[in-house]
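For reference, the chains in residue letters:
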Amino acid sequence: MPIEIRELIIKTEVNTNDKYNQNGISKDDITNLKRQLLEECKRIITKSKRRNNYKR
């Protein structure tokens, strides 16, 4: 009997050249951006799970 295993790993790293040039971005803005990104990723994952939920 065939078995299918799927795994997706996404690794990212963000580097900036000048760390002192980020005066326009506050910690609250970064926190909000992280929260929005996580919510969007969760929404996409749950949407794709519902679509692939078929009987075997």
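Scope of this entry: the structure provided in the associated data block. All values reported here derive from a predicted model rather than from experimental measurement.

**Some points on the overall build of the protein**
Thinking step 1. Broken down by element type, the protein carries 1 helix and 0 strands.
Thinking step 2. Out of the 56 residues belonging to the protein, those deemed buried represent 0%.

**Topic: the pattern of salt bridges**
Thinking step 1. Inspection of the entire model under this criterion finds 2 salt bridges.
Thinking step 2. Salt-bridge contacts for E39 lead to R35; the nearest nitrogen and oxygen are separated by 3.3 Å. Of the two residues, E39 and R35 are both situated in helix 1 (residues 27–51); the distance of 4 residues between them amounts to about one turn of the helix.
Thinking step 3. For R35, a relative accessible area of 41% puts it in the partly exposed group.
Thinking step 4. Across the pair E40 and R43 runs a salt bridge whose closest N-O atoms are separated by 2.4 Å. Placement of both E40 and R43 in helix 1 is noted, with a separation of 3 residues, approximately one turn of the helix.
Thinking step 5. Under the relative-accessibility criterion, R43 is labelled partly exposed at 42%.

What counts as what
Residues numbered from 1 in each chain as written. Predicted model: local features only at pLDDT ≥ 70, side-chain atom pairs only at ≥ 80, totals over all residues. Heavy atoms only, no water. Helix = DSSP H or I, 4+ residues; strand = E, 2+ residues; numbered from the N terminus. Buried < 20%, exposed > 50% of the residue type's maximum accessible area, 1.4 Å probe, protein only. Salt bridge = Lys/Arg side-chain N within 4 Å of Asp/Glu carboxyl O.

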